[in-house]
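In case you want the letters, here they are:
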Amino acid sequence: MSLEEAIRLVQIHERARQGRLRAKFMREIRQQEEREKRAALRGAPTLDPEVASVRIQKVCSSSIVVVVVVVVVVVVVVVVVVVMVPLH
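Described below are features of the structure shown in this document. All values reported here derive from a predicted model rather than from experimental measurement.

### Let's talk about the pattern of salt bridges
Phase 1: A complete count under the given rule lists two salt bridges for this structure.
Phase 2: Between R17 and E14 there is a salt bridge; the shortest N-O distance is 2.6 Å. Of this pair, R17 and E14 both sit in helix α1 (residues 3–42), three residues apart, which is roughly one turn of that helix.
Phase 3: Here E34 ties to K37 by a salt bridge, and the two come within 3.7 Å at their closest N and O atoms. Here E34 pairs with K37, and both are found in helix α1, just three residues apart, close to one helical turn.
Phase 4: The class for K37 is partly exposed, based on a relative accessible area of 48%.

Definitions and limits used
- Residues numbered from 1 in each chain as written.
- Predicted model: local features only at pLDDT ≥ 70, side-chain atom pairs only at ≥ 80, totals over all residues.
- Heavy atoms only, no water.
- Salt bridge = Lys/Arg side-chain N within 4 Å of Asp/Glu carboxyl O.
- Helix = DSSP H or I, 4+ residues; strand = E, 2+ residues; numbered from the N terminus.
- Buried < 20%, exposed > 50% of the residue type's maximum accessible area, 1.4 Å probe, protein only.

Here's what the structure looks like:
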């Protein structure tokens, strides 16, 4: 194979690779546009007020539990430190 043939072959394969990348990129753009179009047709999501309140309560209650656990751990650590340190 001559140098010119080798160069030509590499160029052909490189153009094909770039074409496949471009096709993939364009397909992703079209898919994103379709998702956006479907989302616009559906409109803003609505949620039943009762379901929304239950979700909010779950988040708040789990946050309160975490805060209580942290406070209890801090109190236990303080008590242990106070008991371990001898008074002079």
